[in-house]
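# Structural overview for review
So the chains spell out like this:
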Amino acid sequence: MTAALVEEGALVPSAAVARPRKGGRRGRGPNDGPPRWQIYLPLGLYLLFTLVPFYWMLLFAVRPDGSTSLLPWPATGAHFDKVWNDRSFGIFFQNSMLVGVATLIATTVVALSGGYALARFRFKGRTAFLIALLCSQFVPGALMLVPLFQIFRHLQLINSLWSVVISETVFQLPLSVILLSGFIRGIPEALEEAAWVDGCTRLRAFFAVVLPMLRPGLVAVGSFAFVHSWNHFLFALMFLSEQDKQTIPVGLNTLIGADSVDLGALAAGGVIAAVPVVIVFAFIQKWLITGFSAGAVKG
C-alpha cells in the first residue's frame, strides 16, 4: 500500500521519505556531523601528548636512582625527602603560597573596583584607558625589570616577598580589569536600580546584588592570578637573592647544576610545584570556564 505524507495540504510521495537501511540502521545524513572516530582520535592523541610528560616526571620522582624501569615500582620517596628537607623546598613552597595568595587578593580587589568603574560609569578618556590596558599586554615583563628594581631599591623592598607580589599584581591587572568589566556589563543594571529604590546606597547595592553574581568572574580572575604568580620565574629571580625568600620556580633552577642534573630531585620538585595548580583547577574548572567565557563575550 502506497503511503503519503500530508504536509500543509500537499501530498508528498512516500518515495521522498527517507527509509532505514536493511538491518534497522539509518544512513548518515549531511547534517549528522563527522564520524566519532574523527573526534576521538585527535582527542586521544592530544591526551597522550599531554599526559606522557607528566607520567615521565612522576616516574623519575618515585623511581630509585639507577633504575631503568618504565613502571613506578618499586617506588621510593627519597627524592621528595631530599628536595623538601635538604634543598629547602618546604620554605620555597611556603613563600610561593604567600606570594600566590597575596597576588590573588590584591589583583581581585583592585580589578573588581576598576572593572566596575569601566562597566557602570561613562567618563572622558574611558576608551583611551581601555586601549592602554590592551596595549600594556604587549609589554614583556623583562623590559620593566630595571625600573622596577630601582623603585623597589628606593622603597627598600629588595629581598622582600612584597616586591614580587606588587610586580605580579601590576602585570595581572590589565587582563583582570577587562575580564571583570565585561562580566559586570552582563549583569542588568536594573537590578542595582531596584536596590537603590529600596533605599540601598550604591556600595550596599554592589555588595548585595552585583557581587554574588560575580562569583564565576572572581574565581576566573583570582585563579589566573594565583597560577601565574605561582609559576612565574623572572621577578622572583631578580628581586629575591636570599635563599629563605626564594620561591619554587627559582628553587627548581637551583637543582640544575653546571655539569650535571639530579633528575630524581628535579622531577620530585616538579611534582611538588604542579600539585597546587592541579588541585586549584580540579576544584574550580566549572567556575573558571564560565567566568572566562562570560567576561570575554558579554558587553
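Residues numbered from 1 in each chain as written. Predicted model: local features only at pLDDT ≥ 70, side-chain atom pairs only at ≥ 80, totals over all residues. Heavy atoms only, no water.

This paragraph deals with the overall build of the chain. Assigned secondary structure in the chain consists of twelve helices and two strands. In sequence order, the chain lays out its α and β elements as β-β-α-α-α-α-α-α-α-α-α-α-α-α. A burial count over the chain gives 33% of its 299 residues as buried. Intrachain contacts of the chain at a sequence separation of at least 6 include 71% that bridge at least 24 residues. Carbon and sulfur atoms form 68% of the exposed surface of the chain, whose accessible area is close to 18700 Å². (Helix = DSSP H or I, 4+ residues; strand = E, 2+ residues; numbered from the N terminus. Buried < 20%, exposed > 50% of the residue type's maximum accessible area, 1.4 Å probe, protein only. Contact = heavy atoms within 4.5 Å. Areas by Shrake-Rupley, 256 points an atom, 1.4 Å probe, with all protein chains shown as cover.)

Moving on to the packing of aromatic side chains. What describes a pair of aromatic rings is the distance from one ring centre to the other and the angle between the planes of the rings. Applying the stated criterion across every chain yields a total of twelve aromatic pairs. Centre to centre, the rings of tryptophan 56 and phenylalanine 60 are 5.6 Å apart; their planes meet at 65°, and the pair counts as edge-to-face. In this pair, tryptophan 56 and phenylalanine 60 are both assigned in helix α1 (residues 36-62), four residues apart and thus about one turn of the helix distant. With a relative accessible area of 42%, tryptophan 56 lands in the partly exposed category. The ring of phenylalanine 60 is capped by arginine 63, whose NZ or CZ atom sits 4.6 Å from the centre of that ring. (Phe/Tyr/Trp six-rings, centres within 6.5 Å; stacked < 30°, edge-to-face > 60°. Lys NZ or Arg CZ within 6 Å of the ring centre and 35° of its normal.)

In this structure, alanine 102 sits in helix α3 (residues 89-120). Put simply, alanine 102 and phenylalanine 226 are 124 residues apart on the chain and 8.5 Å apart in space, counted from C-alpha to C-alpha.

Turning next to a nonpolar patch on the surface. A surface patch of nonpolar side chains, about 440 Å² in accessible area, is lined by Tyr55, Trp56, Leu70 and Leu71. Structurally, tyrosine 55 is set in helix α1. (Patch = residues over 30% accessible without salt bridge, like charges linked within 9 Å, V, L, I, M, F, W, Y side chains within 5 Å. Salt bridge = Lys/Arg side-chain N within 4 Å of Asp/Glu carboxyl O.)

In this structure, serine 88 takes a positive phi of about 60° despite not being glycine. Positioned with a positive phi, asparagine 159 is a non-glycine residue whose angle comes to about 65°. With respect to the secondary-structure elements, asparagine 159 resides in the loop between α5 (145-154) and α6 (161-185).

The topology assignment puts glutamate 168 in helix α6. C-alpha separation for the pair glutamate 168 and leucine 104, spaced 64 residues apart in sequence, amounts to 9.5 Å. Discounting residues that sit within four places of it in the chain, glutamate 168 has contacts with Thr103, His228, Ser229, His232 and Phe235.

A rise of 1.5 Å per residue sets the reference length of α6, with its 25 residues, at 36 Å; its end C-alpha atoms lie 35 Å apart and thus fit the reference within 8%. Taking the largest bend as the criterion, α6 deviates by roughly 45°, centred on leucine 173, and proline proline 174 comes between one and four positions later. Among the 25 residues of α6, 18 are classified as buried, and the element is accordingly described as predominantly covered. (Expected span 1.5 Å × (residues − 1). Bend = angle between axes of the 7 residues up to and from the residue.)

Attention now moves to empty space enclosed by the protein. Applying the stated criterion across every chain, the model contains one cavity of 30 Å³ or more. Quantified by volume, the largest cavity comes out at close to 30 Å³. Around the largest cavity, the lining residues are Val99, Val164, Glu168, Ser229, His232, Phe235, Ala236 and Thr247. Only α6 and α10 (234-239) provide two or more residues apiece to the lining of the largest cavity. (1 Å grid on protein atoms, 1.4 Å probe; cavity = no way out; pocket = protein on both sides within 12 Å on 5 of 7 lines; lining within 4 Å. Points joined across faces, edges and corners; volume = space filled by probe spheres on them.)

Tallied over the entire structure, the rule returns one salt bridge. Across the pair arginine 120 and glutamate 192 runs a salt bridge, and its minimum N-O distance is 2.6 Å. Residue arginine 120 is found in helix α3, and its partner glutamate 192 is found in helix α7 (residues 189-197); the two are separated by 72 residues along the sequence.

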